[in-house]
Every structure is written in structure tokens, then in C-alpha cells.
Amino acid sequence: MSNVAVVEPRVLDGVAIAAEIKSELVSKLAEAKERGYTPGLAVVLVGENPASQLYVKSKVKTCAELGIYSEMHTPAASVTTEELLALVESLNERDEIDGILIQLPLPEHVDTERLLEAVVPEKDVDGFHPINAGRLLSGAPAEKVLAPCTPAGIMEMLRRSDIPVSGQRAVVIGRSNIVGKPIAAMLINASATVTVCHSRTRDLAEITREADILVAAIGRAGFVTADMVRPGATLVDVGINRVTDAAEFERFFAGDAKRMEGFAKRGSTVVGDIDPAAFRVAGAYTPVPGGVGALTIAMLMSNTVKAAAARRSGN
Ligand code: GUN
């Protein structure tokens, strides 16, 4: 028997942290009620993308649980940019709507950029408007910015789990406007030393092995393997990739009885951008499912409550 201590990695439980955030919102919502208003969210879902339908359903359901007013707008995939602009304009003007969320991706023919810029920044609960993106990059105080929900959820998870950020080396894989770029900005604002990698990065594994905090947001199943991870690092997995192929399933989950049962029943499972084998060398990690995903919705609720309060206080 060896007497080398085997340290089990810490699981960062997104569901539990999201529940904590939502329970804090309940008291803020009671305050809003006392002041005579109910925060309201309008969700725009274009077409019939099944993944988007699933996300939107769970956003609307969470609104109902918390007592946030919500309404869904579901134009057909053939809708024009002009028609969508008119819809956004009407939502901008309605006082009972505090947050406007346009579920992405939009169909090819729709001008996404024009649409996101049409949402008034005060109701931009996704934080995708250039004004909010710019404020985030400028390091404006939190109460002045509506920040994108997934990266905001990651920062909240790190903070509530007492994972140090200041002075740490953070590596982000992925440079999307939704996750990669804003999480890099937030980590910089929190005084981490940040490297952003992407599909053209040379010697990727050399860079990722430097990371104290590694964020994977690329949308490729199990892309980050154990050899790319510094032992003890914190791994943040933003990926949600559906696995239906039996050989691929075996590669990630061989020997995992619970996963096998689910896969046999449903014919699919989800895996993140990080190979589950890499979690075993981590100091802490976010599981998939049950990690970052749960926080995205909690932060959307939080942004809606924040936007409602800010608009009424004239901030
Ligand atoms: N599609 C994937 N992630 C998101 C998100 O955070 N917000 C919106 N609106 N669409 C998305």
C-alpha cells in the first residue's frame, strides 16, 4: 500500500449554487412586489430549433417558479429581419417588459447583429448589446452592466466556491461573443492573467497545462483531455454536446453504470467539452450536466430582476 494521499476533486455543484441564487432572488422579488411591480421577461424564439426550444422552455418555467412575469414570442423561421425589428421595438416600449431575450442562433437570413443592437441596453438581459459589452470590457461597476449570463454564472460559481481568481492563470478555450470573449473580460477584471485560445492556436496543450483555471467553451465533445490539464486545476466546462454514437459513449463513459443505464434508456447522453477522465486530475470541476448550465438560467433571472429595479430607480 502506498501512503500517497489521493485527493478527490471537488465537484462544483451548479444546481445547488443556482438554487442559492434563486432563493436570494425570491426576497428581491418580494421587495419589488411591495413597491408595486413585477419584473417581466419577453423571450423571442424564432423557428423550431429543438435545442433552443428546450432552453427557452426551461427559462420560462424558471420565471414561473420565481414569480417573474414572462411571455413567449415564437415567429416562424421565415420571419424577416424587419418584422423582428418591429417586435423588438414594441417590447422596448412596453413598461411591463424589463428584459428582452432573443434566443440564438437565428436563421441565416436574419440580421442578428442589427437585432441585438435594436434591444434597448436597459432591457438587454443577455448582455449582448454593444453598450453592455463595451461597459463590461471597460470594467464598469457591476450595477451599471448587464453581463452575459453564462460567463456571469461562471464568475458567481467561482466566487461562491471560494476559488481564488486574482493573480491566477486562467486559460479560456473559445472566443465566442456569448462565452469566450466575455468570460475573458470578467477574468481580467477580477485580476487573473488570461490567455484566450481558439481553433488556430498553436501548441494548445502547452498553454492549457499552465492554467490554474481552465474554461472550455468550444462545443466539441470531450475536446480537453487529461494530458492537457495541470493536476489540481479548476476545470470549467461550458460544453453541452449530445452523444448518440455507442463507440463515442464508450470512450467517455466506459464503466460508469449510471450513465450506461441512461444511455440504454434514451439512446443518448450529454458530454461537455472536457473529457470526464480529465476531471479526475482536477482540483475542482463543473460536471455536465449539473454544472454551468444551471447557472445560466439563474443569472438570466438575476439580470431580469436587476434590469427591472434599475429602470425604476432611473439607473
Ligand atoms: N444560445 C446559446 N446560449 C444563449 C444565451 O445565453 N442566450 C441566448 N439568447 N441565446 C443563446
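Look up: the structure comes first, before these words.
Each strand in a sheet pairs with its neighbour through backbone hydrogen bonds, running either in the same direction (parallel) or in the opposite one (antiparallel). Strands sit in the order β1-β11-β8-β7-β5-β6 across an open sheet of six strands; the sheet is parallel. In the strand order of this sheet, the two ends are held by β1 (10–11) and β6 (193–197), each with one partner. Note that β1 and strand β11 (residues 284–285) share two bridges and pair parallel. Counterpart to valine 11 in the pairing with β11 is tyrosine 285. Relative to strand β5 (residues 169–173), helix α7 (residues 180–189) is tilted by about 170°, and along the sheet it contacts β5, β6 and β7 (213–216).

Most of α7 is tucked away: seven of the ten residues are buried. Residues of α7 that are buried include every one of Gly180, Pro182, Ile183, Ala184, Ala185, Met186 and Leu187, and no others. Along its buried surface, α7 packs onto α5 (130–137), α6 (149–160), β5, β6 and β7. Downstream of α7 by one or two residues, serine 191 has phi in the positive range, about 70°.

You can see alanine 140 is positioned in the loop between α5 and α6. The exposure class of alanine 140 is partly exposed, given its relative accessible area of 28%. Along the sequence, alanine 140 and threonine 208 sit 68 residues apart, while their C-alpha atoms lie 29 Å from each other. Apart from residues lying up to four places away in sequence, alanine 140 is in contact with Arg135 and Val145.

Rules used in this analysis
- Residues numbered from 1 in each chain as written.
- Predicted model: local features only at pLDDT ≥ 70, side-chain atom pairs only at ≥ 80, totals over all residues.
- Heavy atoms only, no water.
- Pairing = 2+ DSSP bridges.
- Helix = DSSP H or I, 4+ residues; strand = E, 2+ residues; numbered from the N terminus.
- Contact = heavy atoms within 4.5 Å.
- Axes fitted to C-alpha atoms, helices over the stretch in contact; angles between N-to-C directions.
- Buried < 20%, exposed > 50% of the residue type's maximum accessible area, 1.4 Å probe, protein only.

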